[in-house]
Number of protein chains: 2
Amino acid sequence: MKEILSSKNPLIKEIKKLHKKKARDEKKQYVIEGFHLIEEAKNSGAIIEWILFNQRGQAEWANWLETCDPEKLIFVSDEVLNSLSDLPTPQGILAVINKNEADHLAEFRGGWLLLDNVQDPGNVGTMIRTADAAGLAGVIIGEGSADIYSTKVLRAMQGSNYHLPVIHGNLADILQQFIQNQIPIYGTELNEQAVDYLKVNKAENYGLIMGNEGQGVSATLLAQTTQNIYIPIRGQAESLNVAVAAGILMYHLS
Amino acid sequence: MKEILSSKNPLIKEIKKLHKKKARDEKKQYVIEGFHLIEEAKNSGAIIEWILFNQRGQAEWANWLETCDPEKLIFVSDEVLNSLSDLPTPQGILAVINKNEADHLAEFRGGWLLLDNVQDPGNVGTMIRTADAAGLAGVIIGEGSADIYSTKVLRAMQGSNYHLPVIHGNLADILQQFIQNQIPIYGTELNEQAVDYLKVNKAENYGLIMGNEGQGVSATLLAQTTQNIYIPIRGQAESLNVAVAAGILMYHLS
């Protein structure tokens, strides 16, 4: 077990950089915070690079820490832990995880959620959590969507990224794979030019594309889907929040 | 039309205080930002106390500003507008609105959403927006929930508070009114001790209680409802986000 007491330590400086997307992309690592999430990561077989904890964390999770590879453990001072934490009240434990991304899948079975340029981290995280709850097979993150390894997305996902595959990919290419395999793929529109979602039946295998908060799904993708659907607005609101809409649709389709 | 160029002006100082709940409660006023929301407030008949705009706002919405009571208009410097704004990029216009709250209703027709101690402003705002979209009759905010006049809730509601009544009330008392009028009222539980929501039929009149993000609906309320319902979790997620769950249930019941 290592011990690091100064936030000027080179390793701590490297970890701190992981708050930026650029460093996460380069090092293929990200930081998660709080015992519950770290336990989920470990149980799911995620490759843990480091587990950092202060005196409080050591006292609280002593038994669990004994089950970890001692070479991965770093005891740190409160100063170091606080310098790495993104929470107003740090829990006393955080971990550096190595990304483990499948960049393609052999086949698409079950329900798949595809995110086209969804920008709000809370929305992206909540949709992945909902996909997990609704029993979908996985989520595909298209270009332009929020980075799923940012602290805000990680917090909103509540560990669902350890329960189902979350893949980055080119949505236009993936849409073609669905079509070639005769799996229905639904685009979502914000207007009544599409079909009421209640008229679409449940399906064993399907893709559902949710789009940008302001612009919706891109017109190029909408032109190639099996069917475009919408959720009727019965009151005077202009639209639904995209994560709420995704929840209604996934629970209807699955 | 007034003109205020210094953020030390006493009126500006008073308006700035409205960022705090205490001042909003005392003065029965709140601030909204951005043209779209202000236009909705005006169209809905909200009582506007002041409309403040800088040079950019004046240029952009000159025609609309001419339709407003000139005694309510205040031209302000960029410095004043920025000091009042809560946005990273202020739009150049904001308004002070007088609260107009019904504290009770003669009768409960249609669907009603009741919020028991929902704390996240984004969740509260999103649920009110969804209630509007799903065609509910109104929303009742129980004690302990986020203040609907905070900037975060106002932003997430996207003007839905001008489309349907949003009332503050004591949920235990209101639950009794539903029961006396033989209107079904549904509590939501986070576990399978309740009934699967798909087994509950659509209803013309109903109440739906959503609870705190961590604890759910309080046990005292759950003990008095007509029926408690839950949304099945098919994957490994522990629960759904409360705003997503509310969306699925409101669209199912309405």
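Keep in mind it's a predicted model, so treat the numbers as computed, not measured.

### Re the overall build of chain A
Reasoning step 1: What chain A contains, in helices and strands, is eleven helices and twelve strands.
Reasoning step 2: By principal-axis analysis of the C-alpha atoms, chain A measures approximately 60 × 40 × 30 Å.
Reasoning step 3: The buried share of chain A, reckoned over its 254 residues, is 56%.
Reasoning step 4: Here the analysis covers contacts within chain A between residues at least 6 apart in sequence; of these, 78% occur between residues at least 24 apart.

### Comments concerning unusual backbone geometry
Reasoning step 1: Its identity as a non-glycine residue notwithstanding, Gln158 of chain A has a phi of 50°, on the positive side.
Reasoning step 2: For Gln182 of chain B, which is not glycine, the phi dihedral falls at a positive 55°.
Reasoning step 3: Position of Gln182 of chain B relative to the elements: it lies in the loop between α9 (171-180) and β9 (185-188).
Reasoning step 4: On the accessibility criterion, Gln182 of chain B (73% relative accessible area) is exposed.

### Concerning the domain arrangement of chain A
Residues and elements named next belong to chain A.
Reasoning step 1: Looking at the assigned domains, one finds that chain A contains domain 1 (2-98) and domain 2 (111-253).
Reasoning step 2: Taken over C-alpha atoms, the centre of domain 1 sits 32 Å from the centre of domain 2.
Reasoning step 3: Facing the 13 residues of domain 1 at the interface are eleven residues of domain 2.
Reasoning step 4: Between domain 1 and domain 2 lies a buried interface of about 1000 Å² when both sides are counted; carbon and sulfur atoms form 57% of it.
Reasoning step 5: Our count for the domain 1 to domain 2 interface comes out at two salt bridges.
Reasoning step 6: The closest approach of N and O atoms between Asp86 and Arg155, which form a salt bridge, is 2.8 Å.
Reasoning step 7: Our count for the contact surface shared by domain 1 and domain 2 stands at six residue pairs in polar contact (both at pLDDT 80 or more).
Reasoning step 8: Counting residues per element, the ones that place at least two in the side of domain 1 that touches domain 2 are α2 (21-27), β2 (29-33) and α3 (35-43).
Reasoning step 9: When its residues are assigned to classes, the side of domain 1 that touches domain 2 shows eight nonpolar, one polar and four charged.

### A closer look at the pattern of salt bridges
Reasoning step 1: Applying the stated criterion across every chain, the model contains 16 salt bridges over all chains.
Reasoning step 2: Of the charged contacts in the structure, one is a salt bridge between Glu14 of chain B and Lys17 of chain B, with a shortest N-O distance of 3.0 Å. You can see Glu14 of chain B and its partner Lys17 of chain B sitting in helix α1 (residues 10-17), three residues apart, about one turn around the helix.
Reasoning step 3: Look at Lys17 of chain B and you get partly exposed, because its relative accessible area is 45%.
Reasoning step 4: With a shortest N-O distance of 2.7 Å, Arg24 of chain B and Asp147 of chain B are connected by a salt bridge. Taken as a pair, Arg24 of chain B in helix α2 (residues 21-27) and Asp147 of chain B in the loop between β7 (138-141) and α8 (151-157) lie far apart in primary sequence, 123 residues in all. You'll find Arg24 of chain B and Asp147 of chain B in the same group, each marked buried.
Reasoning step 5: One connected set of salt bridges, linked through shared partners, spans Glu14, Lys17 and Lys27 of chain A.

### Some details on the layout of surface pockets
Residue and element names in this part refer to chain A.
Reasoning step 1: Counted as a void, the second largest pocket has a volume near 390 Å³.
Reasoning step 2: Taken together, 23 residues form the lining of the second largest pocket, with Glu33, His36, Leu37, Arg155 and Gln158 sitting closest to its centre.
Reasoning step 3: Listing elements by their share of the lining of the second largest pocket, those giving two or more residues are β2, α3 and α8 (151-157).
Reasoning step 4: Class assignment of the residues belonging to the lining of the second largest pocket gives a composition of eight nonpolar, ten polar and five charged.

### Points about empty space enclosed by the protein
Residue and element names in this part refer to chain A.
Reasoning step 1: With the rule as written, the count across this model stands at one cavity of 30 Å³ or more.
Reasoning step 2: Each pocket or cavity is described by its volume, and for the largest cavity that value is around 40 Å³.
Reasoning step 3: Taken together, Leu18, His19, Arg24, Val31, Tyr149 and Thr151 form the lining of the largest cavity.
Reasoning step 4: In terms of residue class, the lining of the largest cavity is made up of three nonpolar, two polar and one charged.

### Some details on the packing of helix α7 (residues 121-133) of chain B against helix α11 (residues 242-253) of chain B
How two helices sit against one another is set out by the angle between their axes and by the gap between those axes.
Residue and element names in this part refer to chain B.
Reasoning step 1: At a minimum axis distance of 9 Å, the contact between α7 and α11 shows a crossing angle of 15°. Classified by the interaxial angle, the pair formed by α7 and α11 is roughly parallel. In terms of crossing hand, the pair formed by α7 and α11 is right-handed. Taken together, the residues of α11 that come into contact with α7 (itself represented by Asn123, Thr126, Met127, Thr130, Ala131 and Ala133) are Val242, Ala243, Ala246, Gly247, Met250 and Tyr251.
Reasoning step 2: Counted by class, the contact of α7 with α11 contains eight nonpolar, four polar and no charged residues.

### With respect to the interface of chain B and chain A
Reasoning step 1: On the chain A side, the residues contacting the 28 residues of chain B number 28 residues.
Reasoning step 2: Both sides of the chain B and chain A interface together cover about 2300 Å² of buried area, and 54% of this is carbon and sulfur.
Reasoning step 3: For the pair chain B and chain A, the number of links is zero salt bridges.
Reasoning step 4: For the pair chain B and chain A, the interface holds 20 residue pairs in polar contact (both at pLDDT 80 or more).
Reasoning step 5: Put simply, the parts of the chain that give the side of chain B that touches chain A at least two residues each are α7 and α11 of chain B.
Reasoning step 6: Here the side of chain B that touches chain A is composed, by residue class, of twelve nonpolar, twelve polar and four charged.

The rules we used
- Residues numbered from 1 in each chain as written.
- Chains lettered and ligands numbered in written order.
- Predicted model: local features only at pLDDT ≥ 70, side-chain atom pairs only at ≥ 80, totals over all residues.
- Heavy atoms only, no water.
- Helix = DSSP H or I, 4+ residues; strand = E, 2+ residues; numbered from the N terminus.
- Buried < 20%, exposed > 50% of the residue type's maximum accessible area, 1.4 Å probe, protein only.
- Contact = heavy atoms within 4.5 Å.
- Domains from an automatic or database assignment.
- Buried area = accessible area lost by both parts, 1.4 Å probe.
- Salt bridge = Lys/Arg side-chain N within 4 Å of Asp/Glu carboxyl O.
- Polar contact = N/O pair within 3.5 Å; in protein donor to acceptor, adjacent residues only side chain to side chain.
- Nonpolar A, V, L, I, M, F, W, Y, C, P; charged D, E, K, R; others polar.
- 1 Å grid on protein atoms, 1.4 Å probe; cavity = no way out; pocket = protein on both sides within 12 Å on 5 of 7 lines; lining within 4 Å.
- Points joined across faces, edges and corners; volume = space filled by probe spheres on them.
- Axes fitted to C-alpha atoms, helices over the stretch in contact; angles between N-to-C directions.
- Parallel < 35°, antiparallel > 145°, perpendicular 65-115°, else oblique.
- Left-handed = near helix turned anticlockwise from the far one by under 90°.

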